[in-house]
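# Inside the fold
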Amino acid sequence: QVQLVESGGGLVQPGGSLRLSCAASTTVFNTYTMGWYRRPPRTERELVATVTTGGTTTYADSVKGRFTISRDNAKNTVYLEMNSLQFQDTAIYYCNARRTIINHWGQGTQVTVSS
């Protein structure tokens, strides 16, 4: 069982930045596609960004140009750099590790954008 532990969430003003981290407890981290999802208040969980084992990244249209996902296989960690944060980025952010039909989820970290 892979454990994913997110950190870095918090309260930030509009236009601010945060960096989320997700540490994975696995020796085969580099075999997983890693991703960030989020659940805004009163809505379904949605994809934010993914990074494949080869380093290919994808982003939701709403975060393109503002968020950057990256991975450090030596540290078994995936990051989400979030810039120019907006009110609508307020959500619980979840880390995901996926390999074929296997999915692992973190507990989530709260990001609140408020003035």
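Our subject is the structure listed above.
A brief report on the enclosed structure follows. (Residues numbered from 1 in each chain as written. Predicted model: local features only at pLDDT ≥ 70, side-chain atom pairs only at ≥ 80, totals over all residues. Heavy atoms only, no water.)

### Regarding the environment of Ile 69
- Take Ile 69: it is sitting in strand S7 (residues 67–72).
- In this structure, the C-alpha to C-alpha distance between Ile 69 and Trp 36, residues 33 residues apart in sequence, is 8.2 Å.
- Every residue in contact with Ile 69, bar those within four places of it in the chain, is listed here: Met 34, Gly 35, Trp 36, Ala 49, Thr 50, Val 51, Thr 57, Tyr 59, Val 78, Tyr 79 and Leu 80. (Helix = DSSP H or I, 4+ residues; strand = E, 2+ residues; numbered from the N terminus. Contact = heavy atoms within 4.5 Å.)

### Some remarks on the side chain of Thr 50
- Note on placement: Thr 50 falls in strand S5 (residues 46–51).
- Within polar-contact distance, the side chain of Thr 50 engages the side chain of Thr 58 at 2.4 Å.
- Those residues in contact with Thr 50, other than ones at most four positions away along the chain, are Thr 33, Met 34, Gly 35, Thr 56, Thr 57, Thr 58 and Ile 69. (Polar contact = N/O pair within 3.5 Å; in protein donor to acceptor, adjacent residues only side chain to side chain.)

### Quick look at the state of the cysteines
- Inspection of the entire model under this criterion finds 1 disulfide.
- A sulfur-sulfur distance of 2.1 Å marks the disulfide that ties Cys 22 to Cys 95. Residues Cys 22 and Cys 95 are joined through a disulfide that is left-handed, its torsion about the S-S bond being -80°. With Cys 22 in strand S3 (residues 18–24) and Cys 95 in strand S9 (residues 91–99), the pair connects residues that are 73 residues apart, well separated along the chain. (Disulfide = S-S within 2.5 Å.)

Function cannot be read off these values alone, since they describe shape.
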